[in-house]
Amino acid sequence: MLRSKPDQMCGITGYVGDRPGVRTVIDMLRRLEYRGYDSAGVAVATRGDEASGLAGGGDIEIVKAAGKLAVLEGELHDYWDKYGAAIGHTRWATHGGPTTPNAHPHYSNDGRIALIHNGIIENFQELRGELQAGGFRFTSETDTEVMVHLVERAYRQNGDMEQAIRDALTHVTGAYSIVVVSAHEPDTLYAAKTASPLIVGLGDGENFLASDIPAVLPYTRRVVVLEDGDFVTVTKTGMCLTTLAGQPVTREPFTVTWDEQTAEKGGFPHFMLKEIYEQPRAIADTLRGRISPEETVILPELEAFSQKQLGAFTRVQIVACGTAYHAGMVAKRFWEHLLRRPVDVSVASEFRYGDPLVGPDTLCLVVSQSGETADTLAALREARRLGATIVSVVNVVGSSIARESDAVVYTQAGPEICVASTKAYVTQVVALYMIGLHLAFVEERLSQDALKVYVRDLTALPDAVESVLGGALLVEDLASRLAERTTFFYLGRGYDYAVSLEAALKLKEISYLHAEAYAAGEMKHGPLALVEPGVVVICFATEPRLFDKMLSNIKEVSARGGTVVAIVPEGETRADAAADEILRIPAVRTEFSPVVSVVPLQLLAYLIARARGCEIDQPRNLAKSVTVE
Ligand code: F6R
């Protein structure tokens, strides 16, 4: 199985050579379109000399537009055929809605430097304040814009573009890949990378930059993949690779042999597998900027609510559909334990036509990847009509649910393309943990010391998930033994029950197999009658307090001939004798195990569906965003 660390949010392209720059970067962006985006933009450094065929120039021209590339193209007019070094960007909004001013490139106050960015700048608020105090004007709400002003400030001091960019980067913390074009050095592109992907495509008398390989494939197959901490200067004739601190770096290019379709998926056969592998990054991004140096949770999104207001909520109502509902089930257990007040979780389609006990004393949590699910939106409106305060956990910035909420805590999963949700689920759960911890701390139900321990355990989750992915070969073996089976049960208690529901949903969605989840204690009240040889029963047993109870359930299933697959924490061996198969997961805090234990089951669902030849990324009868009732 292929292993890498893909990461796709915004699309980045750059070109320097003799082709028309704008046309080339737009063509490259089109090859990244499959990832989804909400706005786009280009910048070109026009030389203004005869050879370039341009009138005027010697400047940076920038065109950007909210919406699809076609909208941007409609705005380009005579820019379309401009020559000169160019950069292009498709944005997946994180900070600031999907508007034209928030689209990249962002530009310096003197209009001579333009910058595109993929990633999240954690300390942008503080830098923004500092730059504004220094007289810099901001034209967007993004975290990105601070970087271009930092570059301009440094350039004013040292008159050296490369040095100015290096200097600017010393001030920012967070994750980024950036590309800069400037009128000061119109034949050069500068790029740097910490966490988000960036590659250089090496052509003949021309060179390319992109966030992903498919963008450059029509032009070249010789590629250098940049690593964290790289800084690269790219001209028509070559590239110079150094560290951020300026130490030379040697890295051999490699020749891409993938076809374009495989390249779109980062070398993975399906988006689902790619998105499963993106989960450590997605969780880290969702935590990014939200954990203080003192190990508390910072959620500026909730600042609008005073301690008094938060304390006044006597109940919490969670509404969501499908996978998002399963994330809500995890939150219910966690929040009730922390906040000691009733938390109801309802399927949105039931809530909207019920007679819910919701009023001004209710905090309504709306969970949705797309932010457009019709039932969830209707439930939100019903809760609002009844006087509840609405806080949503949403992945798509500026979506309807986000717009209609009193506050939004965005997950940072990035675009999810496969219909079956994976990285959105784990980031929803992580965001819900953070909100719960924040509220418990604000309400003084959790001491700073206790919070610290939770926070430390939260920040261990990306590595724990990475370690599950590292053991994917074991899941592959298991899948090859189970691929012909047709009936699957998923059992668990407590947190494990919520994960059972999600794991069963994954299998049924993409493999079309019968997969049912039950609270393990319920089996003997009916479903146990269905267990016979050939039936697979996946038993989650990650909660120490409930382990003995699960072990009894495992034995009940085993005695009736079912094939038991037990999911247990590392070091736990008590189920080994009774279970037919064991999957061990890293031992994490019980409350956080849903983020880790779901991962081998996402993989199992994927591998079984693949073995059965199913259409994985777009399963029959299903849509990514369910905008009808
Ligand atoms: C399952 C899945 C769906 C969605 C549900 C809600 O893999 O993706 O069950 O979770 O349709 O969608 P959102 O989260 O966009 O509201």
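Residues numbered from 1 in each chain as written. Predicted model: local features only at pLDDT ≥ 70, side-chain atom pairs only at ≥ 80, totals over all residues. Heavy atoms only, no water.

Focus: the confidence of the model for the chain
- Here the chain shows a mean pLDDT of 92. Residues at 70 or above account for 97%.
- Scored below 50 in pLDDT, residues 1-8 makes 35 contacts in the model with residues more than four places away or belonging to other chains.
- Between residues 50-57, whose pLDDT stays under 50, and residues either more than four places distant or in other chains, the model counts 11 contacts. (pLDDT = per-residue confidence, 0-100. Contact = heavy atoms within 4.5 Å.)

Details of the packing of aromatic side chains
- Inspection of the entire model under this criterion finds 10 aromatic pairs.
- Taken together, a centroid distance of 5.3 Å and an interplanar angle of 35° make the contact between F268 and Y277 tilted.
- Their ring planes at 35° and their centres at 6.2 Å tell us that F489 and Y518 sit as a pair that is tilted. Note that F489 is positioned in strand β20 (residues 487-492) and Y518 in strand β21 (residues 514-519), a separation of 29 residues in sequence.
- What makes F489 buried here is its relative accessible area of 1%.
- Clustering of aromatic rings is evident, with ring pairs tying together F334, Y433, Y454 and F592. (Phe/Tyr/Trp six-rings, centres within 6.5 Å; stacked < 30°, edge-to-face > 60°. Helix = DSSP H or I, 4+ residues; strand = E, 2+ residues; numbered from the N terminus. Buried < 20%, exposed > 50% of the residue type's maximum accessible area, 1.4 Å probe, protein only.)

Notes on the site of the ligand
- Within the structure, the ligand sits among 14 residues, and S368, Q369, S370, T373 and S421 are positioned closest to it.
- S370 is positioned with one of its side-chain polar atoms (N or O) 2.6 Å from an oxygen atom of the ligand.
- Among the elements of the structure, α10 (322-339) and α18 (495-511) are those that each provide at least two residues to the shell around the ligand.
- Here the residues of the shell around the ligand sort into five nonpolar, seven polar and two charged. (Near = heavy atom within 4 Å. Polar contact = N/O pair within 3.5 Å; in protein donor to acceptor, adjacent residues only side chain to side chain. Nonpolar A, V, L, I, M, F, W, Y, C, P; charged D, E, K, R; others polar.)

Quick word on the nonpolar core
- W335 and Y490 are the most contacted members of the largest nonpolar core, which has 101 residues in total.
- Look past the residues within four positions of Y490 in its chain and what remains in contact with it is S500, A503, A504, L507, A515, E516, A517, Y518, I538, F540 and L601.
- In terms of nonpolar packing, the next biggest core, distinct from the first, is built from 28 residues, Y37, V216, Y219 and V256 among them. (Core = buried A, V, L, I, M, F, W, Y, C linked by side-chain atoms within 4.5 Å.)

A short note on helix α8 (residues 279-287)
- The element α8 is extensively covered by neighbouring structure, given that eight of its nine residues are classed as buried.
- By the burial criterion, the buried members of α8 are Q279, P280, R281, A282, I283, D285, T286 and L287.

What to know about empty space enclosed by the protein
- Counted by the stated rule, this structure contains two cavities of 30 Å³ or more.
- For the largest cavity, the calculated volume is near 90 Å³.
- The element that contributes the greatest number of residues to the lining of the largest cavity is strand β6 (residues 113-121), accounting for three residues.
- Residues that form the lining of the largest cavity fall into these classes: three nonpolar, eight polar and two charged. (1 Å grid on protein atoms, 1.4 Å probe; cavity = no way out; pocket = protein on both sides within 12 Å on 5 of 7 lines; lining within 4 Å. Points joined across faces, edges and corners; volume = space filled by probe spheres on them.)

Brief notes about the sheet that holds strand β5 (residues 106-107)
- What the six strands build is an open sheet, ordered β5-β6-β7-β8-β12-β13; its pairing is antiparallel. Strand pairing shows two members of the sheet lacking a second neighbour, β5 and β13 (239-243), which therefore form its edges.
- Strand direction decides the pairing type here: strand β8 (residues 189-193) and strand β12 (residues 230-234), joined by five bridges, are antiparallel. Of the residues in β12, the one forming a bridge with Y190 is T233. (Pairing = 2+ DSSP bridges.)

Looking at the pattern of salt bridges
- Under the defined criterion, the tally for this structure stands at 37 salt bridges.
- R288 serves as the salt-bridge partner of D285, at 2.9 Å between the closest nitrogen and oxygen.
- Note on D285: relative accessible area 6%, which makes it buried.
- Given the relative accessible area of 23%, R288 is considered partly exposed.
- When the shortest N-O distance is used, the salt bridge between K506 and E509 registers 3.5 Å. Residue K506 and its partner E509 are located together in helix α18, separated by three residues, close to a single helical turn.
- Of the residues examined, E509 reaches a relative accessible area of 14% and is grouped as buried. (Salt bridge = Lys/Arg side-chain N within 4 Å of Asp/Glu carboxyl O.)

Quick word on the domain arrangement of the chain
- In terms of domains, the chain is made up of domain 1 (11-120 + 176-267), domain 2 (274-459) and domain 3 (466-611).
- One C-alpha centre belongs to domain 1, the other to domain 3; they are set 45 Å apart. (Domains from an automatic or database assignment.)

Some thoughts on the packing of helix α17 (residues 472-482) against helix α20 (residues 593-611)
- The contact between α17 and α20 brings their axes to 9 Å, and the two run at 45°. Comparing their axes, α20 and α17 come out oblique. Of the two possible hands of crossing, α17 and α20 adopt the one that is right-handed. On the side of α17, the interface is formed by A472, V475, E476, L478, A479 and L482, while α20 contributes P600, L603, L604, L607, I608 and R610.
- In terms of residue class, the contact of α17 with α20 is made up of 10 nonpolar, no polar and two charged. (Axes fitted to C-alpha atoms, helices over the stretch in contact; angles between N-to-C directions. Parallel < 35°, antiparallel > 145°, perpendicular 65-115°, else oblique. Left-handed = near helix turned anticlockwise from the far one by under 90°.)

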